[in-house]
Amino acid sequence: MSKTIRIGTRDSELALWQAKIVQQQLDRLGYNTLLIPVKSTGDIVLDKPLYELGITGIFTRTLDIAMLNHDIDIAVHSLKDVPTMLPKDIIQAAVLKRGNVNDTLVFKTNEEFLASEHAVIATGSLRRKAQWLNRYPTHTIENLRGNVNSRLRKLADNAQWDGAIFAAAGIGRIGIRPEQSINLNWMVPAPAQGAIMITALEEDDYVREACAKLNHEETEICTTIERKFLNKLEGGCTAPIGALAQIKNDEVSFKGVLLSKDGSKKIEVTRVEKLGKHHDIAEFCANYIIERGGKRLMDSIKQSHKKANVYSTKSLTENQRFLLNEKVTIESSDFIKISLNRIPPQILKHRIQNVIITSKNAVEALITNYSAAELQFKNIYCVGRRTKRLIENKIGKVKHAEKNAKKLAEYLVEFIDGTEVTYFCSDIRLDDLPNILENHNIRVKEVEAYQTKYDGVKVDDAVESVMFYSPSTVESYVRFNSKEITAFCIGETTAKEARKHFRDVRVAKVPTIESVIELVNEHYI
């Protein structure tokens, strides 16, 4: 046993404590050892949450390189920080007996803030953030990074924070757990939380044999299940995934959870198998999660880490995002805000013969002001299938609908019953429809049903294409952006405005958001 086993570790107090535990156990078995501290990227970059760094194995990569360069013989890690796929030629040599698996809330004075609508909790973990917001959706989460000691100091020094979340094993092992703390038994821990893992080179039989003597079989079984579950979901430190396997009375019980980043969505699974028949439990539970919306949730999380190449000037629903192909990374926000107006009752004093409605916003304004019984229009003309559907659900039968306002005006010139129309519109609207009608001696009475307010933002330079849904969204966009982009437009009226600013303008087959999404998908095949 003359070879000295060089033990690589991060240089934080907790990492050194864990490495010294391994060193002591090897020393007791008669092996010669030497500690070699190494600083990792995760210890250096402290101004961003872990999930924003986008690096797999941020706390382990430096030690992996040192081992492959033969600068160290083994590395000691918190197993929860280790990627589920190890680098080529590096293997898991041992897992020590597990410590406390729980997350712990450390608070300033008391726990009363938990019942408050507004509280501020600090954590750099996306998993902890998502689970906390799922339970306390009105609370605020602040980023907290650094080693255990520095995080406790930051909590003490920040008057705005009510508490912070730590791994119970971490603050317990180095004896700095404050009295003002409670275990969060409801929070599902990170896969392999509380376990210490040793890696070694696959080719080094001497080191592998030495480490095998430190392995704790029950911990190895449980953490292997948790990490298989994580691997099947294709997660890591950038996905809010929790997993816990435990062995009791010759049974393996498992609980897993996947959440959206904001905690608004949660998919859970639990399962119990006999020890010895547990080998498929991780795959079963991961598939259960995937089949109940987990794949869609994971895809959206992965997309959120990429820079957007497409921007939607209207907020998209989760289902609409799901329709986009894998080459599309999208951001969205509402570039116009709608404010419904009060419609004076004298407008509806007498039954209106001809009504024009060109948007769902005008419908909303009408039904917000009046009941269907009060909206007794003889002839209703509209633009768009969805506007038509809403009118017929809320007000009454539509006599005729067209794809855009210009086509509707041309139809009315030929077929209108009478010589006057009442047009429920926005304060911002195109002139095509009223001009065409008035040029053909059809009087247009405009009623401002709602106001359109520009609310655009400056988009990232990585954005190549933009989705537009009305001329107003185009106008709002160009107020803040001048870059040449591909414009995907919901209809010809929107495209007409887009052509004033962009060379590459494409128009959806039908005026729906889904049809615009189809255009985008065709472009990014």
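Everything numeric in this text was worked out from a predicted model, so none of it was measured. (Residues numbered from 1 in each chain as written. Predicted model: local features only at pLDDT ≥ 70, side-chain atom pairs only at ≥ 80, totals over all residues. Heavy atoms only, no water.)

A. Region of the structure containing the pairing of strand S3 (residues 74-78). Counted residue by residue, S3 has 5 buried out of 5 residues, so it is predominantly covered. Residue alternation in S3 divides its side chains into two sets, Ile-74, Val-76 and Ser-78 and Ala-75 and His-77, and both sets are buried. Bridge analysis of strand S1 (residues 4-10) against S3 gives 2 bridges, and the strand direction is parallel. Along S3, the bridge assignment pairs Gly-8 with Ala-75. As judged from the 5 bridges shared by S3 and strand S10 (residues 196-201), these two strands associate in the antiparallel manner. Bridge pairing in S10 links Ile-74 to Ala-200. (Buried < 20%, exposed > 50% of the residue type's maximum accessible area, 1.4 Å probe, protein only. Helix = DSSP H or I, 4+ residues; strand = E, 2+ residues; numbered from the N terminus. Pairing = 2+ DSSP bridges.)

B. Structural detail: the pairing of strand S22 (residues 465-468). Of the two faces of S22, the one lined by Ser-465 and Met-467 and the one lined by Val-466 and Phe-468 are each fully buried. Note: strand S14 (residues 310-312) against S22, 3 bridges, orientation parallel. When the sheet's bridge partners are listed, Ser-312 is paired in S22 with Met-467. Pairing analysis gives 4 bridges linking S22 to strand S23 (residues 486-489), with the strands arranged parallel. For Val-466, the partnering residue across the bridge sits in S23 and is Ala-487. Read from S22 through helix H16 (residues 471-480) to S23, the crossover connection turns out right-handed. (Right-handed = clockwise from strand over helix to strand, strands pointing away.)

C. Just the sheet that holds strand S4 (residues 90-95), in detail. Across the sheet, which stays open at both edges, the 5 strands sit in the order S2-S1-S3-S10-S4 with mixed pairing between neighbours. Each edge of the open sheet carries a strand with a single partner, namely strand S2 (32-38) and S4. Within the sheet, the average angular offset between the axes of one strand and its neighbour, ignoring direction, is 30 degrees. Set on the sheet, helix H8 (residues 205-212) makes contact with S1, S3, S4 and S10; between it and S4 the angle comes to about 25 degrees. (Axes fitted to C-alpha atoms, helices over the stretch in contact; angles between N-to-C directions. Contact = heavy atoms within 4.5 Å.)

D. Main features of the environment of Thr-452. With respect to the helices, strands and loops of the structure, Thr-452 is situated in strand S21 (residues 443-454). Note: C-alpha distance between Thr-452 and Thr-473 (21 residues apart in sequence) is 9.8 Å. Apart from the residues within four sequence positions on either side, Thr-452 is in contact with Ile-336, Lys-337, Ile-338, Ser-426, Asp-427, Ile-428 and Ser-472. There is a polar contact of 2.7 Å between the side chain of Thr-452 and the side chain of Ser-426. (Polar contact = N/O pair within 3.5 Å; in protein donor to acceptor, adjacent residues only side chain to side chain.)

E. Representation of the nonpolar core in the model. Counting 24 residues, the largest nonpolar core has Ile-225, Phe-229, Ile-241, Phe-254, Leu-258 and Ile-289 as the members making the most contacts within it. Secondary-structure elements contributing two or more residues to this core are helix H9 (217-232), strand S11 (241-248), strand S12 (251-259), strand S13 (266-274) and helix H10 (281-304). The element contributing the most residues to this core is H10, with 8 residues. With 23 residues, the next largest nonpolar core counts Ala-365, Cys-382, Phe-424 and Ala-449 among its residues. (Core = buried A, V, L, I, M, F, W, Y, C linked by side-chain atoms within 4.5 Å.)

F. Representation of the packing of helix H14 (residues 405-415) against helix H15 (residues 432-439) in the model. Packing of H14 against H15 leaves a shortest axis separation of 8 Å and a crossing angle of 15 degrees. In terms of axis orientation, H14 runs roughly parallel to H15. Relative to H15, H14 is oriented so that their crossing is right-handed. Across from Ala-405, Lys-406, Leu-408, Ala-409, Leu-412 and Val-413 in H14, the residues of H15 making contact are Asp-432, Leu-433, Ile-436 and Leu-437. Its residues assigned to classes, the contact of H14 with H15 comprises 8 nonpolar, no polar and 2 charged. (Parallel < 35°, antiparallel > 145°, perpendicular 65-115°, else oblique. Left-handed = near helix turned anticlockwise from the far one by under 90°. Nonpolar A, V, L, I, M, F, W, Y, C, P; charged D, E, K, R; others polar.)

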